[in-house]
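# Structural features, examined
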Amino acid sequence: MMYKNLTRITAIFLFLILPPVVHAQSGGLSFDLPKPKKFENRKLRSEKTGEKKFTIPRRFMQNTTTHYNFYFNANEKIKEVLDRAKTAHRDDYTKLLSFYNYNFEETSQYKTELDSVIYKSTAGILLHDLRSNWVDNLYLLIGRAYYLRKDFDSAYLTFQYLNYSFSPKEKDGYDKVIGSNSNEGGTAFSIATSEKRNIAKKLLSRPPSRNESLVWQIKTYIANDELPEATGLIQTLKYDPLFPARLKADLNEAQAWYFYKQQNWDSAAIYLENALGNAANTQETARWEYLIAQFYEASGKHDLAKGFYDRVIKHSINPVMEVYAVLNSIRQSEGTDEKAIQSAVDALAKMGRRDKYVAYRDIIYYTAAQIELDRKQPAAAEAFLEKSIRYSFDNPAQKSRSFLALADINFNKRDFINAKRFYDSTDINSIAPEDQDAFRARKNTLTTVANKQLIINRQDSLQKIAAMPELERNAFVKKLLRQLRKQQGLKEEEVSFGNTTPGFAGNTGTAPAVDLFSAPGSSKTDWYFANTSLRAKGFNDFRAKWGNRPNADNWQRSAAIKQQGINSINNGTDPKQAGMLTGQIAADEKPLSLESLKDKLPLTPEKLKISNDSILNARFEMGKALQDNLEEYADAIDAYEKLLSQFPGSALEEQTIFNLYYCYKKTGNRQKEAEMKRLMETRFANSKLTGIIKNPVPADTGRKKEGGQVYDEVYNLFIEGKFTEALSKKKAADSLYGKYYWSPQLLYIEAVYHVHERNDSVASVVLGNINSLYPGTPMAAKARNMIDVLGRRKQIEDYLTNLQIERPPEDSSAAPVTTAAPVTTSIQPPITNSTVKPVTDTLQLVKKPAAVKAVKPTVTDTAQLAKKPAVIKPVKPASIDTVQVVKKPAAPPGSFINTPEQPHYVVLTMDKVDPVYVGEAKNAFSRYNREKYNNKSIEVIPLPLTDDMRFVLIGKFENAAAALDYLEKARTLAASEIIPWMPAAKYSFIIITDNNLELLKSNKDVPAYKKFLVQSFKDNFK
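Residue indices follow the written sequence of each chain, beginning from 1 at its first position. Given that the model is predicted, a residue must reach a pLDDT of at least 70 before its local features are reported, and side-chain atom pairs must reach 80 or more before they are shown or counted; all residues, however, enter totals for whole chains, interfaces and linings. Computation of side-chain values covers all heavy atoms of the structure but excludes hydrogens and water.

### Comments concerning the overall build of the protein chain
Put simply, the rule reads: Secondary structure counts use DSSP, requiring at least four H or I residues in a row for a helix and at least two E residues in a row for a strand, with both numbered from the N terminus. Here's how the labels work: a residue is buried when its accessible area is under 20% of the maximum for its type, exposed when over 50%, partly exposed in between, all with a 1.4 Å probe on protein chains only. It only takes one pair of heavy atoms within 4.5 Å for two residues to be counted as in contact. Values of accessible area rely on a 1.4 Å probe in the Shrake-Rupley scheme; residue burial ignores everything except the protein chains shown.
Of the regular secondary structure elements, the protein chain holds 41 helices and six strands. Residue burial in the protein chain is summarised as follows: out of 1022 residues, 48% are buried. Across the protein chain, the fraction of contacts at a sequence separation of at least 24, relative to all contacts at a separation of at least 6, is 66%. Accessible surface for the protein chain amounts to roughly 50600 Å². Of this, 53% is attributable to carbon and sulfur atoms.

Have a look at this one:
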C-alpha cells in the first residue's frame, strides 16, 4: 500500500473524524462537515465521483487499486486478529463449549489492529472513485472490525448504512422501498438483493456485501442480547426468495447461535449441523461437531450425541478433544442397567492402560470416577480419582478437579480430616466464580473441624496408652522409640543434641569430649574447636536457629519424613498409630528419649484433666462449627451427643443441650427437640437459654424493632437478587430470633430462589414452614401448589422431554404439529391423564439458565416457542413492511403525547427487583389473567428498561379507558392476591402507548413519564 507522505496520511485520518460532503451512493446519506483547513481547497478522489465517465480502463484501475492496496490488507488484518484470538482461546471440554472458539474479550484486546482495519477501509473508500466494485466490501470490513472490537452500536449502524445505501435504486437514483412491489421485479416480501451477475463481475469482484450485512446484523443483535430483533430478521431472511444460496450456511450459523443463547439445544444442534460447511478448517469442524454432540446430550438424545462424538474422534487433530470425545461417547452408551455401566467403566480402565492415551490417564480415570459416582459407588470412584491424581503431571486444572471430587467424597462420608486435606490441594481458580465463596466457607470451616478432630484423636490415643498396664506400656513406648529413631536415621544408642552438655555434640557429660581438631602436643590454643566457650556458644546459636537436631546425616530429609508421617496419620483408633503420633509430636519439642515420650502421656490426675478438657472443648467447638458454618446438623448432633455422654455435668452442658435443641428443631426431630426442652427446664430452669426456649419472642420493644429491621433487610436483599448476602444474614438472624420474625412473603421469595437453584428439598422445607406457621392464608395456598409441582418435577420434565414436534419442511409456512398436547409459553401442557395434575407457571423457575443439563422442550424453527423464561425482551413478529424489521425503530421526537384513543399497555414497573422475581411476577399476572379474563388473550411480556428498572407489559388494551379499568382492578388485588410476596415499595402501575414506550426506552426517564400521566389522567395517578 503506497502513500505519498505522512502528511497525507494524517490528513486522511483527520478527514475520517470530520469527513466532507460525501455521497457514497446516489440517494445515500450525506455528511456536511468541514475538512481540515489545509485541505479545504483540495478534493479527494471520492469527492470527484461522477465528474468523469467511469470508463473500462478507469474501472479496472480503481477496482484493482482498491482491492489489492486496501481491501486485501484490511481483510488480512481481520484474519490475523481472529487467528490470534483463537490461539489464545482455551476450551474446557468438561463443560458446554462456547459457540465460537474465540470471544469478544479476546478480540477487543486487539484494538490497535482493528482500528487499522477501519483506517485502511475508510481510506480505501475516500481515496477512490465511489463507483468502484469494492466500496460495499470495505464498509462490511468496517462493520466487522467494530463488531470484533465489541462496539456493537457502531457495528449495527455500519451494517444498517450498508443495507440502505446499497439497496436497489430507481433509474433516476432514488431509493426503492425495501420489500415493496417495485423492488426486484415485484417480489413484495423480499428485502435481499438479487446476485445475478455477469461472468466478468464474478471474476473481478466479490459478491455484493449488502446481503452479508443483513446476516451480520443478526449476529450483532445476538452478540448484544437483542434476541427479539434477531428473531424478526432471521424469519424474514429465511423465507426471502432472493436471499442467495451461498449465504444459507451463514444464516444457519446465526440461527444456531440464536438457539444456543436461548438454551434450546435440539434446535441449536440442527441448525449448527447445517452450518458445518462454514467451519474454517477440519479442526473447527470437529469442534462444532463436539458442540452438536453436547447439544444432543443435553436434550437427552444420547444416540445422536454418540454419533457426533464418534465423528469428532475421526476428524479432530486435537488429542485432548479426541480423548474427551472418546470418553463422552462411551458415557452415552452406558445405559441404565448395571451391566452396561460396568462395560463403560471397563472400557475406560482399558483405555487408561493403552500407550496411546498415557498422557491423558488423569482425564480418563476422572471420567471413570464420575460414572462410579453416578451409580453410587464412592469407594470405586475414590480409587479412580487417586489414579487420576497419580498420573496428572502437566494438567493442574484436571488435578484440581480430581482433588475437589475426592474432597467431596470424603466430606460426604464425614472424613473431615481427609476432606480438609483434599480441599487444601484444590486450586480455587478451578471453582466457578459463583461457587468460590461457598468453597472458601466450607474449606475454612473444615480447617477448624479437622483440627478439633485431630485433637480428639490424639488425646484419645494418649489416654488409651496411659490406660495400659505399666509393663506393657513401657514395652510399647520403648518399641515405639526404636521405631522413631530408626525412622529418623538415628542409631539405637545415639543420643540427640538435647542430652549433651554445652560442648561438642558427642559429649555425654560423663567424660571430656575427644577433640579431634586440637593441635598435637598442645594443651591450650585459640583455635575454635579447642575453645570450650566458643563451642558452647556455637552450639547454642545453632539450636536457637535450627532447633534440636539429631547427630546424624540428612536431618532435613528426616524432618520431612517425620512431617509426612504426621500428615498421613489415621483417625487414631489404633494405639500403635497413636503412639507414633505422640512420638512425632514429642520429637518436635524434645530429643527422642523414653522420658520425653512418657512425659506426653496423661499418667497423673492433672494431666488427665488437661487431656479431658482438650477433648471437651474440641468436641463443642467442632459441633458449633458444623452447626453454624456448614449447617450439617446431623454431624453437629453427633458431636454434642458424644460430649454429653463422655462428660456429663460439664461446664458446657447447658450450652450443649441448648444447641442440641436447636439442631433437632432444624432437622425436624420433634421427639428429641421436646426431650432437650425438658432437660433444659429440669436442669437449668432459671437460665437465660431456657427462657429463650420457653418464650422465643424477644421481651423488649427495642429487640423487636431490631429483629424486624434485620428481616426487612433480608427481604430486600432477596428481592434485589443479592442471594448470597441474604442467605448469610438470614442464617445469622435465625440463630438469634428463631421463627418469630419470619413472614410468609419472606419465606415465599426464599423458596422461589431455592426452586430456581434446583434445591428442591430446601425449597420444600421453606414452603412447609409457610403452611405450618400461616395456615389458611393466600400464601399458604401458593406454597401448597408449589410443593405439589416440585413433587412432580421428574414427571413434568419427562413429559416435556418426550414431547415430539414435527417440523414443517423448509419451504413450508405451515405451523408445527405436535404428537402430544401443544406446549404454551408458560410451559403448562394440558395433560388430560387423571394421574397427572396441571403444571403451574412456577415451573418456569425450576430450571437453572446456565445448566448444560437442563431439559428443554423440543422447539420449532419458527423461534416462537424457542424463548426461555429468562428472555426479557418481547419477540417482535416479522412485519410485511420489512423496513421496520431491518431498521431499529426510531424514538418519536419531542415529549410524551396523550392519545387515549390508541391501544395502551398496562405496565407493572419494578425497581431493583431480580429477574427471578420479575419472572415470578409475570407468571402471577398470567395466572390472574386466566382466572379473571379467560375469554380474552392478554399477553404478559417482561421488558428491562435499565439495570434497575424492569417492566412487565400487560395487554394491549384497545384504548386508555380499557387499560385503566384493568389497572384499577389489578392494583386493588396485587398486594393481597396477585403478588402479595413483593414489597409494595418495589412496584407500581402505569399505562403507556407504543410511541410513548419507544420514547421512554430511549430517554429512560420514568419519573418524567409518571409526571406526564398525572397531568393526563389526574383521577387515576397521583
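### Points about the confidence of the model for the protein chain
Close reading of the predicted structure is inappropriate where its pLDDT is low. Using the following cut-off: Here pLDDT means the predictor's own confidence in every residue, given as a number from 0 to 100.
Summing up the model confidence of the protein chain, the mean pLDDT is 74 and the portion of residues at 70 or higher is 69%. Low confidence marks residues 1–31, where pLDDT is under 50. Its contacts with residues over four positions away, or in another chain, come to 58 contacts. Predicted confidence is poor over residues 493–524, with pLDDT under 50, and the contacts of this stretch with residues over four places away or in other chains come to 30 contacts.

### Quick look at the pairing of strand 5 (residues 949–957)
Within a regular strand, the side chains alternate between the two sheet faces. Heads up, the rule is: When DSSP finds two or more bridges between a pair of strands, those strands are recorded as paired.
With respect to burial, strand 5 is a largely interior element, eight of its nine residues being buried. Here strand 3 (residues 904–911) runs beside strand 5; their pairing, made up of seven bridges, is antiparallel. Considered in strand 5, the bridge of L908 is made with V952. In this sheet, strand 5 lies alongside strand 4 (residues 939–944) in antiparallel orientation, the contact comprising six bridges. Note on strand 5: the bridge partner recorded for I941 is L953. Here strand 4 hands over to strand 5 after four residues, the two strands then running antiparallel side by side.

### Here's the deal with the sheet that holds strand 4
Heads up, the rule is: Helix axes use the C-alpha atoms of the stretch in contact, all axes being lines fitted to C-alpha atoms, and the angles between their N-to-C directions lie in the range 0 to 180 degrees.
Read across the open sheet, the four strands follow the order 4-5-3-6; overall the sheet is antiparallel. On the outer flanks of this sheet lie strand 4 and strand 6 (987–992), each paired with one strand and no other. For this sheet the average axis-to-axis angle between neighbouring strands, irrespective of direction, equals 25 degrees. Bridge count between strand 3 and strand 6: six bridges; the pairing is antiparallel. Of the residues in strand 6, the one forming a bridge with V906 is I991.

### Some points on the packing of helix 16 (residues 361–374) against helix 18 (residues 396–412)
Quick reminder of the rule: Roughly parallel here means an angle under 35 degrees, roughly antiparallel means over 145, roughly perpendicular means 65 to 115, and every remaining angle is called oblique. In this scheme the crossing of two helices becomes right-handed for a clockwise turn of the near helix relative to the far one and left-handed for an anticlockwise turn of less than a right angle. Throughout this entry, Asp, Glu, Lys and Arg are counted as charged residues, while Ala, Val, Leu, Ile, Met, Phe, Trp, Tyr, Cys and Pro are counted as nonpolar. The remaining residues, Gly among them, count as polar.
Between helix 16 and helix 18, the least distance of the axes is 10 Å, while the angle of their chain directions is 25 degrees. Taken together, the axes of helix 16 and helix 18 are roughly parallel relative to one another. Handedness of the helix 16/helix 18 crossing: left-handed. On helix 18, the residues touching D362, I363, Y366, Q370 and L373 of helix 16 are Q398, R401, S402, A405 and I409. Looking at side-chain class alone, the contact of helix 16 with helix 18 contains five nonpolar, three polar and two charged residues.

### A few points about the packing of aromatic side chains
Note the cut-off: Here a pair means two rings of Phe, Tyr or Trp (six-membered ring of Trp) with centres within 6.5 Å. Their orientation is stacked below 30 degrees between planes, edge-to-face above 60, and tilted elsewhere.
This structure, assessed with the given rule, holds 45 aromatic pairs. Ring geometry for F99 against W257: centres 6.2 Å apart, planes inclined by 15 degrees, an arrangement best described as stacked. Of this pair, F99 sits in the loop between helix 2 (56–88) and helix 3 (104–107) while W257 sits in helix 10 (residues 248–262), placing them 158 residues apart in sequence. By the ring-pair criterion, three or more aromatic residues cluster together here, those being F99, Y100, Y102, W257, Y260, W265, W288 and F295.

### Section: the side chain of D635
Of note, D635 is situated in helix 27 (residues 633–646). The contacts of D635, once residues within four sequence positions are left out, are R414, F416 and L626.

### Considering the pattern of salt bridges
Threshold: What makes a salt bridge here is a side-chain nitrogen of Lys or Arg within 4 Å of a carboxyl oxygen of Asp or Glu, nothing more.
Enumeration according to the criterion identifies 35 salt bridges in this entry. Two residues, R414 and E632, come together in a salt bridge whose shortest N-O distance is 2.3 Å. Here the residue R414 occupies a position in the loop between helix 18 and helix 19 (416–424), and E632 occupies one in the loop between helix 26 (605–628) and helix 27, the gap between them amounting to 218 residues. Residue classification places E632 among the buried positions, given a relative accessible area of 19%. Note that E920 and R927 form a salt bridge whose closest N and O atoms lie 3.9 Å from each other. R927 gets classed as buried once you look at its relative accessible area, which sits at 14%.

### Digging into unusual backbone geometry
Look at the link from G955 to K956: it is a cis peptide, with omega at 20 degrees. Mapped onto the elements of the fold, K956 is located in strand 5. The phi angle at K912 is positive, at roughly 55 degrees, despite the residue not being glycine. Looking at the element boundaries, K912 is found in the loop between strand 3 and helix 38 (915–932). You can call K912 partly exposed: its relative accessible area is 41%. We note that K1004 has phi near 60 degrees; this positive angle belongs to a residue other than glycine. Mapped onto the fold, K1004 is located in the loop between helix 40 (994–1003) and helix 41 (1006–1016). Judged by relative accessible area, which is 40%, K1004 ranks as partly exposed.

### Some points on a positive patch on the surface
Formally: Patches here: salt-bridge-free residues with over 30% relative accessible area, like charges joined within 9 Å, nonpolar side chains (Val, Leu, Ile, Met, Phe, Trp, Tyr) joined within 5 Å. Under the convention used here, Asp and Glu are negative, Lys and Arg are positive, and both His and the chain ends fall outside the count. The atom standing in for a charge is NZ when the residue is Lys, CZ when it is Arg, CG when it is Asp and CD when it is Glu.
Positive charge collects at one region of the surface, where K350, R353, R354, K387 and R390 lie side by side. Listing elements by their share of the positive patch, those giving two or more residues are helix 15 (338–353) and helix 17 (378–390). On the secondary structure map, K350 appears in helix 15. Classification of K350 as exposed rests on a relative accessible area of 56%.

### Overview of the nonpolar core
We count it as follows: Only buried residues count toward a nonpolar core. Its members are Ala, Val, Leu, Ile, Met, Phe, Trp, Tyr and Cys residues joined through side-chain atoms within 4.5 Å.
One finds F99, Y147, I218, W257, Y290, L291 and F295 to be the most contacted residues of the largest nonpolar core, which totals 147 residues. The element best represented in this core is helix 5 (residues 135–148), accounting for ten residues. Leave out the neighbours within four places in its chain, and I218 touches A230, L233, I234, L237, L251 and A254. Within the second largest apolar cluster, 80 residues are counted, among which are L727, I749, A921 and I938.

### Focus: helix 4 (residues 111–126)
Let me state the cut-off plainly: Each residue after the first adds 1.5 Å to the expected span of a helix.
With 16 residues, helix 4 extends 22 Å from end C-alpha to end C-alpha; this agrees with the ideal 22 Å at 1.5 Å per step. Taken across its 16 residues, helix 4 has twelve buried, putting it largely inside the fold. Buried within helix 4 we find E113, L114, V117, I118, Y119, K120, S121, T122, A123, G124, I125 and L126.

### A short note on the environment of L626
Following the sequence through the fold, L626 ends up in helix 26. Through-space distance from the C-alpha of L626 to that of R442 is 9.7 Å; in sequence the pair is 184 residues apart. Contact partners of L626, with chain neighbours within four places excluded, come to F416, V449, E631, E632, D635 and A636.

### With respect to helix 18
In a regular helix each residue adds 1.5 Å, so 17 residues correspond to 24 Å; helix 18 covers 24 Å between its end C-alpha atoms and thus fits that length. Those residues of helix 18 lying buried are Q398, S400, R401, S402, F403, A405, L406, A407, I409, N410 and F411. Against the buried residues of helix 18 lie helix 14 (319–332), helix 16, helix 17, helix 19 and helix 20 (436–466). R414 lies just past helix 18 and shows a positive phi near 65 degrees.

### What about the environment of I428?
Inspection of the secondary structure puts I428 in the loop between helix 19 and helix 20. Relative accessible area serves as the criterion here: at 21%, I428 is assigned to the partly exposed category. C-alpha separation for the pair I428 and F439, spaced eleven residues apart in sequence, amounts to 8.0 Å. The residues touching I428, leaving out its near neighbours within four places in the chain, are Q436, F439 and R440.

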